[in-house]
Amino acid sequence: SNTGCGITGDGDSIHQNCSFDHNWIYSNTSLGFSLQYSSALSKDICFDYNHVYSNGTTGCQIASFGGHAIGNTFRNNTTNGIYIKTATRQFTIALNVCYDNQTPKTQSWGMVIDVDTEDLIIVHNDLKGNTNGLNNVSTGVNNIVGPNLY
């Protein structure tokens with residue numbers, strides 16, 4: 001499939017307190033998992049203990065107001081293990097493992113944090129084994145990034 005699974009919110013949708021856990025998401029032509037929102041009504045989404053690998057672009061793309069991604073494994077995706085998009089707020093990303101064990105490596109970044117993200121807690125993630133570990137270009141406030149392994 002194009003995207004393995006995901007949740008997309010728009011102005012008329014309410015997505016709250018959803019949990020995606022213990023899934024195997026792999027071999028999609030685009031994203032492994034996509035969490036998007038365009039209203040404050042889409043919030044508190046949890047993505048925990050999933051295995052996401054060999055997808056055509058990013059393993060997990062996050063754009064959320066509230067929630068967390070904990071204990072996931074992202075490997076051998078084409079661009080990034082985890083991509084935290086602009087406008088993500090109050091989200092925790094912890095205890096994830098992002099790596100690429102192929103030759104040549106295809107997962108360029110273990111994690112990317114985009115501009116204008118706020119109130120993030122990103123700690124205790126293992127980002128070793130990618131072409132690059134962490135790309136943090138956030139211009140937001142109140143982000144706690146680290147300690148993480150690169």
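What comes next concerns the included structure. Only a predicted model underlies this, so the values are computations on that prediction, with no experimental measurement involved.

Calculation notes
Residues numbered from 1 in each chain as written. Predicted model: local features only at pLDDT ≥ 70, side-chain atom pairs only at ≥ 80, totals over all residues. Heavy atoms only, no water. Salt bridge = Lys/Arg side-chain N within 4 Å of Asp/Glu carboxyl O. Helix = DSSP H or I, 4+ residues; strand = E, 2+ residues; numbered from the N terminus. Buried < 20%, exposed > 50% of the residue type's maximum accessible area, 1.4 Å probe, protein only. Pairing = 2+ DSSP bridges. Phe/Tyr/Trp six-rings, centres within 6.5 Å; stacked < 30°, edge-to-face > 60°. Contact = heavy atoms within 4.5 Å. Polar contact = N/O pair within 3.5 Å; in protein donor to acceptor, adjacent residues only side chain to side chain.

A word on the pattern of salt bridges. The final tally for this structure, using the stated rule, is two salt bridges. The salt bridge partner of R89 is D116, with a shortest N-O separation of 3.2 Å. A residue pair is termed long-range when its members are at least 10 positions apart, and R89 in strand β11 (residues 89-94) and D116 in the loop between β13 (109-113) and β14 (121-123) qualify at 27 residues. In this structure, R89 and E118 form a salt bridge, with 3.8 Å as the shortest nitrogen-oxygen distance. Residue R89 is found in strand β11, and its partner E118 is found in the loop between β13 and β14; the two are separated by 29 residues along the sequence. A relative accessible area of 16% places R89 in the buried class. We classify E118 as partly exposed; its relative accessible area is 23%. Each of R89, D116 and E118 takes part in a single network of salt bridges with overlapping partners.

We now examine the pairing of strand β8 (residues 65-70). Both strand β5 (residues 43-48) and β8 contribute to a ladder of five bridges, which runs parallel. Along β8, the bridge assignment pairs K43 with F65. In this sheet, β11 lies alongside β8 in parallel orientation, the contact comprising five bridges. Opposite A69, over in β11, you have I93 as the bridge partner.

On to the packing of aromatic side chains, then. Here the structure, examined in full by the defined rule, presents five aromatic pairs. On the basis of an interplanar angle of 65 degrees and a centroid distance of 5.0 Å, the ring pair of F20 and F33 is categorised as edge-to-face. Taken as a pair, F20 in strand β2 (residues 19-21) and F33 in strand β4 (residues 33-36) lie far apart in primary sequence, 13 residues in all. Three or more aromatic residues joined by ring pairs make a cluster, and in this case those are F20, F33, F47 and F74.

To continue, consider the sheet that holds β2. The sheet built from six strands is open, its strands ordered β2-β5-β8-β11-β14-β16 with parallel pairing. Across the chains shown, the open sheet's two edge strands, defined by having one partner strand only, are β2 and β16 (144-145). Sheet topology note: the β11/β14 ladder contains three bridges and is parallel. Counterpart to T92 in the pairing with β14 is I121.

This paragraph deals with the environment of D114. Within the secondary structure, D114 sits in the loop between β13 and β14. Accessibility expressed as a relative area gives 17% for D114, which makes it buried. Measuring from C-alpha to C-alpha, the distance between D114 and K85 comes to 5.2 Å, with 29 residues separating the pair along the chain. If we ignore the near neighbours within four places in the chain, the residues touching D114 are Y83, I84, K85, T86, V137 and S138. Among the polar contacts made by the side chain of D114, one reaches the side chain of Y83 at a distance of 2.5 Å. Polar side-chain contacts of D114 include one of 3.3 Å to the side chain of T86.

In this fold, T106 is placed in the loop between β12 (97-99) and β13. The sequence separation of T106 and T131 amounts to 25 residues, and the corresponding C-alpha distance is 7.7 Å. Leave out the neighbours within four places in its chain, and T106 touches N76, N77, T78, T79 and D100. Polar side-chain contacts of T106 include one of 2.9 Å to the side chain of Q102.

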